[in-house]
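The lines below spell out each chain.
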Amino acid sequence: MENCLFCKIIEGTIPSACVYQDEKTYAFRDINPAAPTHVLVVPKTHCSGLSAVDELDDATLAACLRTVKKVAEQEGLTGGFRMVSNCGAHACQSVPHLHFHVLGGEQLSEKMV
Ligand code: DGP
């Protein structure tokens with residue numbers, strides 16, 4: 001989609017540190033990491049967020065979760081990891097392209113928020 005930051009990252013017009021990609025998904029390092037490992041997993045097809053997920057086909061949605069698992073393995077997050085997807089203003093979603101934060105590499109807080 002035109003003017004979508006993550007669509008531009010996926011197409012390569014904005015550089016990113018890619019850690020994994022396949023036909024349906026793209027994974028890259030967050031520019032502002034909140035943990036030693038902080039990777040964003042996005043569908044290559046534009047979707048604004050979880051509230052618009054009906055626009056995505058099931059295979060793409062499932063591929064995102066499989067990519068989360070692959071990234072966690074690839075990054076050596078054997079002690080565990082957290083996946084977060086902020087949706088909408090109350091959750092402080094700042095980029096309106098569905099993304100899953102993969103966080104790990106240290107003991108994370110017990111608190112969700
Ligand atoms: P959220 O606040 O949940 O919408 O997360 C958006 C994340 O995107 C935030 O953690 C910072 C990251 N981000 C924003 N702009 C860029 C960028 O240009 N490159 C990369 N790699 N990450 C970005």
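Placed above this text is the structure.
Residues numbered from 1 in each chain as written. Predicted model: local features only at pLDDT ≥ 70, side-chain atom pairs only at ≥ 80, totals over all residues. Heavy atoms only, no water.

1. Points about the sheet that holds strand 5 (residues 100–104)
If you walk across this open sheet you meet the 5 strands as 1-2-3-5-4, and the pairing is antiparallel. The strands lining the two open edges of the sheet, one partner per strand, are strand 1 (18–21) and strand 4 (81–84). Taken pair by pair, the neighbouring strands of this sheet meet at an average axis angle of 20 degrees, ignoring direction. By the bridge criterion, 4 bridges tie strand 4 to strand 5 in an arrangement that is antiparallel. The residue of strand 5 that forms the bridge with Arg82 is Leu103. Helix-sheet contacts for helix 2 (residues 58–74) involve strand 1, strand 2 (25–29), strand 3 (37–43), strand 4 and strand 5, and the interaxial angle to strand 3 is about 160 degrees. (Pairing = 2+ DSSP bridges. Helix = DSSP H or I, 4+ residues; strand = E, 2+ residues; numbered from the N terminus. Axes fitted to C-alpha atoms, helices over the stretch in contact; angles between N-to-C directions. Contact = heavy atoms within 4.5 Å.)

2. What to know about the site of the ligand
Taken together, the neighbourhood of the ligand is formed by 15 residues, with Arg29, Asp30, Asn86, Ser94 and His101 sitting nearest. Interatomic distance of 2.9 Å between a backbone N/O atom of Arg29 and a nitrogen atom of the ligand. Contact between the ligand and Ser94: an oxygen atom at 2.7 Å from a main-chain N or O atom of the residue. Computed on the free molecule, the ligand has an accessible area of 510 Å², of which 82% lies beneath the protein chains in the complex. Contributing elements (two or more residues each) for the shell around the ligand: helix 1 (5–11) and strand 2. Of the residues forming the shell around the ligand, the biggest block, 3 residues, is contributed by helix 1. The class makeup of the residues in the shell around the ligand is 8 nonpolar, 5 polar and 2 charged. (Near = heavy atom within 4 Å. Polar contact = N/O pair within 3.5 Å; in protein donor to acceptor, adjacent residues only side chain to side chain. Areas by Shrake-Rupley, 256 points an atom, 1.4 Å probe, with all protein chains shown as cover. Nonpolar A, V, L, I, M, F, W, Y, C, P; charged D, E, K, R; others polar.)

3. Quick word on the nonpolar core
Among the nonpolar cores identified, the biggest contains 17 residues, and Ala27, Val41, Val71 and Val102 are the most heavily contacted of them. Mapped by element, the contributors of at least two residues to this core are strand 1, strand 3, helix 2 and strand 5. When residues of this core are assigned to their parent elements, the largest contribution, 4 residues, is made by helix 2. Apart from residues no more than four positions distant in its own chain, Val71 is found in contact with Val19, Tyr20, Ala27, Val39, Val41 and Val102. Counting residues in each nonpolar core, the second largest holds 10 residues, with Phe6, Ile10, Tyr26 and Val95 among its members. (Core = buried A, V, L, I, M, F, W, Y, C linked by side-chain atoms within 4.5 Å. Buried < 20%, exposed > 50% of the residue type's maximum accessible area, 1.4 Å probe, protein only.)

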